[in-house]
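Commentary on secondary and tertiary structure
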Amino acid sequence: MTTPQVVVHRDKELMAQAAAARLITKVVDAQAARGSASVVLTGGRNGNALLAALAEAPARDAVDWSRLDLWWGDERFLPEGDPERNVIQARAALLDAVPLDPARVHPMPASDGPFGHDVDAAAESYAEELARAAGPYDHGPVPTFDVLMLGVGPDTHVASLFPEHPGVRETERTVVGVRGAPKPPPTRVSLTLPAIRAAREVWLLAAGADKANAAAIALSGAGEIQAPAAGAYGRGRTLWLLDRAAAAQLPKQLYPLASA
Ligand SMILES: O=C(O)C(O)[C@@H](O)[C@H](O)[C@H](O)COP(=O)(O)O
């Protein structure tokens, strides 16, 4: 487990821009070192704001988009073109504007796809897709993602892993179907904590006063069953990217004053 590092930005706009700049650098570095990069996207407003900021960043052209693998941390289990699907929102914010290799873009299944409404079969098929992409030097049946991003919910959920729900207790499978989620829609597909922890870097994004309590709880030693965000960490680095409002309840020793 890596100790979380906390970076606090003035407001959510600057947070999105700084995180986008950070992601560009990470991807360029990974491509230089290993030939390609892999990133796991998150749903939610902060993840989409980051993608929109990336679309506006002149340095986006430094990325070789054709050598980037994109995965999702979770998906709302809805029909293919539904505007509430995370993949649709990501396409609108950035993906349609950059020259990705479609074979390297890995959305989670839709509820009108080959598995119909069987969310467990959809989750199983995504787990198989991840396993096929894992190589001998990876750690288990998922690729070693370079960066895995997660929005943090006000109840400390990450991806579609909600406090006390069965998904957050999963220790074997890499992807699970989720039913009865407290955040709509109730049916979702989600990576599990073991899959999240395969990433080199995990970045948790939270902005706004309604996230202040969640950030303070998750960063103060809470257990992952009650506070799933506390169980989301990377092999090499765990980074919490916050705005001032979301950091308002953090113990001051958790982040350097210079970052705010
Ligand atoms: O599909 C989703 O809804 C998510 O991936 C979810 O985990 C989200 O990231 C958080 O709820 C934070 O969302 P906001 O950034 O909108 O607060």
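Being a predicted model, the structure only gives us computed values, none of them experimental.

A few points about the site of the ligand
- Around the ligand, the surrounding shell holds 15 residues, and the nearest of these are Arg 45, Arg 76, His 157, Ala 159 and Lys 211.
- Contact between the ligand and Gly 43: an oxygen atom at 2.8 Å from a main-chain N or O atom of the residue.
- Contact distances for the ligand include 3.0 Å between an oxygen atom and a side-chain N or O atom of Asn 86.
- The protein chains hide 98% of the 420 Å² of surface that the ligand would expose on its own.
- Contributions of two or more residues to the shell around the ligand are made by helix H2 (45-56) and strand S4 (74-76).
- Residues belonging to the shell around the ligand are distributed by class as follows: two nonpolar, seven polar and six charged.

Focus on the UniProt feature "domain: Glucosamine/galactosamine-6-phosphate isomerase" (unreviewed entry) in the chain
- Per the UniProt entry, the sites bearing "domain: Glucosamine/galactosamine-6-phosphate isomerase" (unreviewed entry) are residues 11-240 in this numbering.
- Between the C-alpha atoms that bound residues 11-240 the distance is 14 Å, and the span itself is 30% helix and 16% strand.

Comments concerning the pairing of strand S2 (residues 37-41)
- Of all five residues in S2, five are buried; the element is thus mostly enclosed.
- Burial of the side chains of S2 extends over both faces: Ala 37, Val 39 and Leu 41 are buried on one face and Ser 38 and Val 40 on the other.
- Alignment of S2 against strand S3 (residues 68-72), held across five bridges, turns out to be parallel. Bridge assignment links Val 39 to a residue of S3, and that residue is Leu 70.
- The handedness of the S2 to S3 crossover, carried by H2, is right-handed.

Section: the side chain of Asp 243
- If you trace the backbone, Asp 243 turns up in strand S9 (residues 237-243).
- Among buried Asp, Glu, Lys and Arg side chains, Asp 243 stands out as unpaired, with Lys 12 the closest opposite charge at 6.8 Å.
- Looking at Asp 243, its side chain comes within polar contact range of the main-chain nitrogen of Gly 208, at 3.0 Å.
- In this structure the side chain of Asp 243 is engaged in a polar contact, spanning 2.9 Å, whose partner is the backbone nitrogen of Ala 246.
- Setting aside chain neighbours within four positions, we find Asp 243 in contact with Val 8, His 9, Asp 11, Lys 12, Met 15, Ala 206, Ala 207 and Gly 208.

Here's the deal with H2
- Here H2 contains 12 residues, and its C-alpha end-to-end distance of 17 Å stays within 8% of the 16 Å for a straight helix at 1.5 Å per residue.
- Residues of H2 that are buried include every one of Asn 46, Gly 47, Asn 48, Leu 50, Leu 51, Ala 53, Leu 54 and Ala 55, and no others.
- Looking at the packing, one finds that the buried side of H2 touches helix H1 (12-34), S2, helix H3 (86-93), strand S5 (147-151) and strand S8 (201-206).

Details of the pattern of salt bridges
- A complete count under the given rule lists 16 salt bridges for this structure.
- The salt bridge partner of Asp 69 is Arg 104, with a shortest N-O separation of 3.5 Å. Taken together, the residues span a long stretch of sequence, with Asp 69 in strand S3 and Arg 104 in the loop between H3 and helix H4 (119-133) at a distance of 35 residues.
- Here Asp 69 falls in the buried class, since its relative accessible area comes to 17%.

Looking at the side chain of Arg 85
- Tracing the backbone shows Arg 85 in the loop between S4 and H3.
- Here Arg 85 falls in the buried class, since its relative accessible area comes to 1%.
- A polar contact is formed between the side chain of Arg 85 and the backbone oxygen of Met 108, at a distance of 3.1 Å.
- Ignoring any residue separated from it by four or fewer positions in sequence, one finds Arg 85 in contact with Glu 75, Arg 76, Leu 78, Pro 79, Glu 80, Pro 107, Met 108, Pro 109 and Ala 110.

A closer look at the nonpolar core
- Residues Trp 72, Leu 191 and Trp 240 are the most contacted members of the largest nonpolar core, which totals 84 residues.
- With eight residues, the top contributor of residues to this core is H1.
- With residues up to four places along the chain from it excluded, the contact list for Trp 240 reads Pro 4, Gln 5, Val 6, Val 7, Val 152, Leu 204, Ala 215, Ala 218, Leu 219 and Ala 229.

Some details on the packing of H1 against H2
- Put simply, H1 and H2 touch, their axes get as near as 8 Å, and they point 65 degrees apart. Considered as vectors, H1 and H2 are oriented roughly perpendicular to each other. Classified by chirality, the crossing of H2 by H1 is right-handed. Counting all contacts with H1, which are made through Met 15, Ala 16, Gln 17, Ala 19, Ala 20, Leu 23 and Ile 24, the residues of H2 involved are Asn 46, Ala 49, Leu 50, Ala 53 and Leu 54.
- Looking at the contact of H1 with H2 residue by residue, the class counts come to 10 nonpolar, two polar and no charged.

Cut-offs and rules
Residue positions are given per chain, counting from 1 as you read along its sequence in written order. It should be noted that, the model being predicted, local features are given only for residues of pLDDT at least 70 and side-chain atom pairs only at 80 or more, the latter also being counted only at that level, while totals for whole chains, interfaces and linings use all residues. Note that water and hydrogens are dropped before the side-chain values are worked out from all heavy atoms of the structure. Definition of nearness: a residue and a molecule or strand are near each other if at least one heavy atom of the residue lies within 4 Å of the molecule or strand. Polar contact is the term for a pair of N or O atoms within 3.5 Å; when the atoms are in protein, one must be able to donate a hydrogen and the other to accept it, and sequence-neighboring residues count only if both atoms are side-chain atoms. With residues, only the protein chains shown are counted as cover, and all accessible areas are computed by Shrake-Rupley using a 1.4 Å probe. Numbered from the N terminus, helices here are DSSP runs of H or I no shorter than four residues, and strands are runs of E no shorter than two. Any residue outside Ala, Val, Leu, Ile, Met, Phe, Trp, Tyr, Cys, Pro, Asp, Glu, Lys and Arg is labelled polar, Gly included; the first ten of those are nonpolar and the last four are charged. UniProt positions are given in the numbering used here, feature names are shortened, and annotations may be inferred rather than shown by experiment. The cut-offs for exposure are 20% and 50% of the maximum accessible area for each residue type, with area from a 1.4 Å probe on protein chains only; residues under the lower value are buried, those over the upper are exposed, and the others partly exposed. In this analysis, strands are considered paired if DSSP registers two or more bridges between them. Handedness of a crossover is defined as follows: with both strands directed away from the viewer, a clockwise route from the first strand across the helix to the second makes it right-handed. Here the positive residues are Lys and Arg and the negative ones are Asp and Glu; neither His nor the chain ends is included. Salt bridges are defined by distance alone: a side-chain nitrogen of Lys or Arg within 4 Å of a carboxyl oxygen of Asp or Glu. Note on contacts: a residue pair qualifies if any of its non-hydrogen atoms lie within 4.5 Å across the two residues. In this analysis, the expected span of each helix is defined as 1.5 Å times one less than the number of residues it contains. To form a nonpolar core, buried Ala, Val, Leu, Ile, Met, Phe, Trp, Tyr and Cys residues must be joined to one another through side-chain atoms within 4.5 Å. Axis geometry follows a simple rule: fit a line to the C-alpha atoms, using only the stretch in contact for helices, then measure angles between N-to-C directions, giving values from 0 to 180 degrees. Here the angle decides the label: under 35 degrees means roughly parallel, over 145 means roughly antiparallel, 65 to 115 means roughly perpendicular, and every other value means oblique. What makes a crossing left-handed is the near helix being turned counterclockwise from the far one by less than a right angle; a clockwise turn instead makes it right-handed.

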